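# Summary of structural features
Residues per chain are reported as follows:
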Amino acid sequence: MLRTFLCVYRCGGVAKAAGQLGLSQPAVSRHLKTLEDIMERTLFDRLGRGVAPTQAGVLLAAQIAAHLDALESAIDSLPPLSATAPVLLGAPSDLLSIHVLPKLTPLLARGVGVHCSNGPTPELTRTLLHDELDLVVVTKIEQAPTKQLYLRLLCEEEFVLVGRAGEAPFAPENDTRRFIGYSPAMSMARHYFRACWGIQPPAPALTVADLRTVVAAAAAGTGLSVVPRYLAQEALDAGRLSLLHTPLTPVSNSIYLATRRGREHLPQIRAAFELLCETA
């Protein structure tokens, strides 16, 4: 909070300070409000185009500026992180196994350790912003705090509507077959149905929080599902699954690799970005 206060004091505005700190404007405003509540003093007068420090704000800046600057200087003088420092990476398990781990062999060969965890994008992103992870795979960019993230395209995933081999094509007007989803929300199916027919998909009769199991269930005849093509392709090639609909334009979703903004230049993080995103 004190670092945020001092940056706003020197910049003369919340927006400019937010840009320098790599934070959102609401986050900067929350820091200031919390500090004012703690001190029981107003630290800035809000102007039409910026802020001006109150007498309490000027006094606080005089008391803390030299100390904070000394701390920043001490941190800057530390030796840089080694290019072989371990990388902490988070991703949904299917993307981790298909699009991430196969590309990391050169990094491991350099002696860089990679420690992986899996989970949904919102949970991993929160962990990343607390610096408990270095990199995360972001599957829903519209739900991500993009102003706080440095993002690069990892891959495009195509969604396909599949069922057991021999199933009839899907007819959206009157089809009553069961659906299998990754979750009750069925975000992939919603995306696909909106893009193809402008309607909502049927509610799932079965949900399984593992996309590879969803593919296996569809191949076993449990129901239909919308899944990423990269997970269904082996079963399609082997004749265990059938494509039940072919849209005029493929329905796809962009997948990104992210780190907290400001950390993209660290050697081991930069190396991971180059390996994972080089063919995107």
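Up top is the structure.
These remarks concern the structure in this document. (Residues numbered from 1 in each chain as written. Predicted model: local features only at pLDDT ≥ 70, side-chain atom pairs only at ≥ 80, totals over all residues. Heavy atoms only, no water.)

In this structure, the largest pocket encloses a volume near 610 Å³. Contributing to the lining of the largest pocket are 29 residues, with Thr139, Lys140, Tyr182, Ser187 and Met188 lying nearest its centre. Elements that contribute at least two residues to the lining of the largest pocket include exactly α5 (93-100), α7 (121-129), β6 (149-164), β7 (180-181), α8 (187-197) and β9 (225-228). Along the lines of polarity and charge, the residues of the lining of the largest pocket split into 14 nonpolar, nine polar and six charged. (1 Å grid on protein atoms, 1.4 Å probe; cavity = no way out; pocket = protein on both sides within 12 Å on 5 of 7 lines; lining within 4 Å. Points joined across faces, edges and corners; volume = space filled by probe spheres on them. Helix = DSSP H or I, 4+ residues; strand = E, 2+ residues; numbered from the N terminus. Nonpolar A, V, L, I, M, F, W, Y, C, P; charged D, E, K, R; others polar.)

Once that is clear, we can look at helix α2 (residues 14-21). Taken together, the buried positions of α2 are Val14, Ala17, Ala18 and Leu21. End-on view of α2: buried residues confined to an arc of 105°, all on one side of the axis. Projecting away from the buried face of α2 at angles above 90 degrees are the exposed residues Lys16, Gly19 and Gln20. Two residues or fewer after α2 comes Gly22, characterised by a positive phi angle close to 75°. (Buried < 20%, exposed > 50% of the residue type's maximum accessible area, 1.4 Å probe, protein only. Arc of directions from axis to C-beta.)

Here we come to the environment of Cys277. Summarising the element assignment, Cys277 is placed in helix α11 (residues 267-277). Judged by relative accessible area, Cys277 falls into the buried class, the value being 5%. Measuring from C-alpha to C-alpha, the distance between Cys277 and Leu153 comes to 6.5 Å, with 124 residues separating the pair along the chain. Among all residues touching Cys277, those that are not within four sequence positions of it are Arg152, Leu153, Leu154 and Leu257. (Contact = heavy atoms within 4.5 Å.)

So, about the pairing of β6. Sheet topology places β6 next to strand β11 (residues 251-260); 10 bridges connect them, and they run antiparallel. The residue of β11 that forms the bridge with Glu158 is Ser252. Inspection of the sheet shows β6 paired to β9 by four bridges, in the antiparallel sense. Residue pairing across strands places Phe159 opposite Pro228, the latter belonging to β9. With three bridges connecting them, β6 and strand β10 (residues 241-243) associate as antiparallel partners. Residue pairing for β10: Val162 is matched across the bridge by Leu243. (Pairing = 2+ DSSP bridges.)

All right, on to the pattern of salt bridges then. Evaluated as defined, the whole model comprises 10 salt bridges. Where Asp37 meets Lys33, a salt bridge forms, and the shortest distance between an N and an O atom there is 2.9 Å. On the criterion of helical spacing, the pair formed by Asp37 and Lys33 is a turn pair, its members being four residues apart in helix α3 (residues 25-39). Among the residues examined, Asp37 registers a relative accessible area of 45% and is labelled partly exposed. In this structure Lys33 comes out as partly exposed when scored by relative accessible area, which is 46%. Salt bridges here are not isolated pairs; linked through shared partners, they connect Glu167, Asp175 and Arg177. (Salt bridge = Lys/Arg side-chain N within 4 Å of Asp/Glu carboxyl O.)

Here we come to the environment of Ala52. Considering the arrangement of structural elements, one finds Ala52 in strand β2 (residues 50-53). According to the relative accessible area criterion, Ala52 is partly exposed, its value standing at 25%. Along the backbone, Ala52 and Gly13 are 39 residues apart, and their C-alpha atoms lie at a distance of 8.1 Å. Other than its neighbours up to four places away in sequence, Ala52 contacts Leu43, Phe44, Asp45 and Leu47.

A separate point is the environment of Pro169. Along the chain, the position of Pro169 falls in the loop between β6 and β7. For Pro169, a relative accessible area of 61% translates into the label exposed. Residues Pro169 and Leu60, spaced 109 residues apart in sequence, show a C-alpha to C-alpha distance of 70 Å. In contact with Pro169, other than residues within four places in its own chain, are Asp175, Arg177 and Leu244.

Another point: the pairing of β11. Pairing geometry for strand β5 (residues 135-138) and β11, over three bridges, is antiparallel. From the neighbouring strand, Val138 faces β11, where its bridge partner is Tyr256.

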